[in-house]
Amino acid sequence: MTYFADLSSRQVAAFASDARVPVLLLPVGAVEPHGPHAPLGTDPLISRGMCERAAARLAGDPGVRVLILPEVPYGVTRFAAGFAGGVSIGEETLYALLTEICGALAEQGLTRILLVNNHFEPAHLAVLRRVAETAGVGFVDLVRRRYAARLTDEFRSGECHAGQYETSLVLADRPDLVDAAVQRDLPAVHVDLARGGVTDFASAGMTEAYCGNPAQATAEEGEKTFSVLTDILVEAIRELA
């Protein structure tokens, strides 16, 4: 089994005492607009896809056993203000939710937990870093140089909200959720969300809630990127174990 919530109580007890090191993956993201072509749930979809691929790769590993926790799809997403579909929660709400989830698991002896996130709004990332520090859990922080250097040019440029990078990942995992007719006609939007001073998509020039070049996205690129993301996650799992 791959999903924590599919197990029975007895099976979770066995998982906690497994001779292999038990590691839990917690996919995190945000529900927010991703252009006129991609789903609101793009970020948690990518996080879940990473977790599923890492769990499959480690399925027969003799030293570690991985399970995927139910995802937390809501995050801090003030950048999406003014667009339909954004659901933002406050920093302290997200912090309390994640620390209490991790605390409840730690009380059962399940202390090796990895936060797997693909929503990169600075306020959201700050909460996840605080959770990792105070709850003593791992965090795969993809914007850190050690990870970002392995990802695509668009990701490193900061122009990667619903652009070629993210749209390719969705095409690799759930192509049915991408409006291809709209995607292929979208012009490139050059907005660096990593630069300081950005407060929301609209004022930054993202009038359709995307930046980068989604028209260039392909499922093939998405599969290649998922492979790299899976490498990163498997390495983090082994470090935690």
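Look up: the structure comes first, before these words.
Remember, it's a predicted structure, so these values are computed and weren't measured experimentally.

## Points about the layout of surface pockets
- In this model, the largest pocket occupies a volume close to 500 Å³.
- If you trace the largest pocket, you find 26 residues lining it, with Phe120, Leu125, Val143, Leu193 and Ala194 closest to the centre.
- Taken together, the elements giving at least two residues each to the lining of the largest pocket come down to helix 4 (122-135) and helix 6 (153-157).
- Ranked by residues supplied to the lining of the largest pocket, first place goes to helix 4 with three residues.
- Its residues placed into classes, the lining of the largest pocket shows twelve nonpolar, seven polar and seven charged.

## What to know about the pattern of salt bridges
- Inspection of every chain in the model, using the stated rule, returns 14 salt bridges.
- Ionic contacts of the salt-bridge type, sharing partners, join the residues Asp18, Arg20 and Arg65 into one network.

## Let's talk about the sheet that holds strand 2 (residues 64-68)
- On the basis of which strands lie adjacent, the open sheet formed by four strands has the order 2-1-3-4 and parallel pairing. Two strands in the sheet have a free side with no partner beyond their single neighbour: strand 2 and strand 4 (138-140). Within the sheet, the average angular offset between the axes of one strand and its neighbour, ignoring direction, is 25°.
- Along the sheet face, helix 2 (residues 42-57) touches strand 1 (21-28), strand 2 and strand 3 (113-117) and points at about 160° away from the line of strand 1.
- Contacts between helix 4 and the sheet are confined to strand 1, strand 3 and strand 4, with strand 3 contributing the most and set at about 175° to the helix.

## Remarks on the packing of helix 7 (residues 164-173) against helix 10 (residues 219-240)
- Two elements in contact, helix 7 and helix 10, have axes separated by 7 Å at closest approach and are oriented at 95°. Taken together, helix 7 and helix 10 sit at an angle that is classed as roughly perpendicular. Here helix 7 contributes Gln164, Tyr165, Ser168, Leu169, Leu171, Ala172 and Asp173 to the contact with helix 10, which in turn contributes Ala219, Glu221, Gly222, Glu223, Thr225, Phe226 and Leu229.
- Its residues assigned to classes, the contact of helix 7 with helix 10 comprises seven nonpolar, four polar and three charged.

## Things to note about the environment of Pro33
- Inspection of the secondary structure assignment puts Pro33 in the loop between strand 1 and helix 2.
- You can call Pro33 buried: its relative accessible area is 6%.
- In this structure, the C-alpha to C-alpha distance between Pro33 and Arg156, residues 123 residues apart in sequence, is 21 Å.
- In contact with Pro33, other than residues within four places in its own chain, are Leu40, Ala80, Phe83, Ala84, Gly85, Gly86, His161, Phe201 and Ala209.

About the criteria used
- Residues numbered from 1 in each chain as written.
- Predicted model: local features only at pLDDT ≥ 70, side-chain atom pairs only at ≥ 80, totals over all residues.
- Heavy atoms only, no water.
- 1 Å grid on protein atoms, 1.4 Å probe; cavity = no way out; pocket = protein on both sides within 12 Å on 5 of 7 lines; lining within 4 Å.
- Points joined across faces, edges and corners; volume = space filled by probe spheres on them.
- Helix = DSSP H or I, 4+ residues; strand = E, 2+ residues; numbered from the N terminus.
- Nonpolar A, V, L, I, M, F, W, Y, C, P; charged D, E, K, R; others polar.
- Salt bridge = Lys/Arg side-chain N within 4 Å of Asp/Glu carboxyl O.
- Pairing = 2+ DSSP bridges.
- Axes fitted to C-alpha atoms, helices over the stretch in contact; angles between N-to-C directions.
- Contact = heavy atoms within 4.5 Å.
- Parallel < 35°, antiparallel > 145°, perpendicular 65-115°, else oblique.
- Buried < 20%, exposed > 50% of the residue type's maximum accessible area, 1.4 Å probe, protein only.

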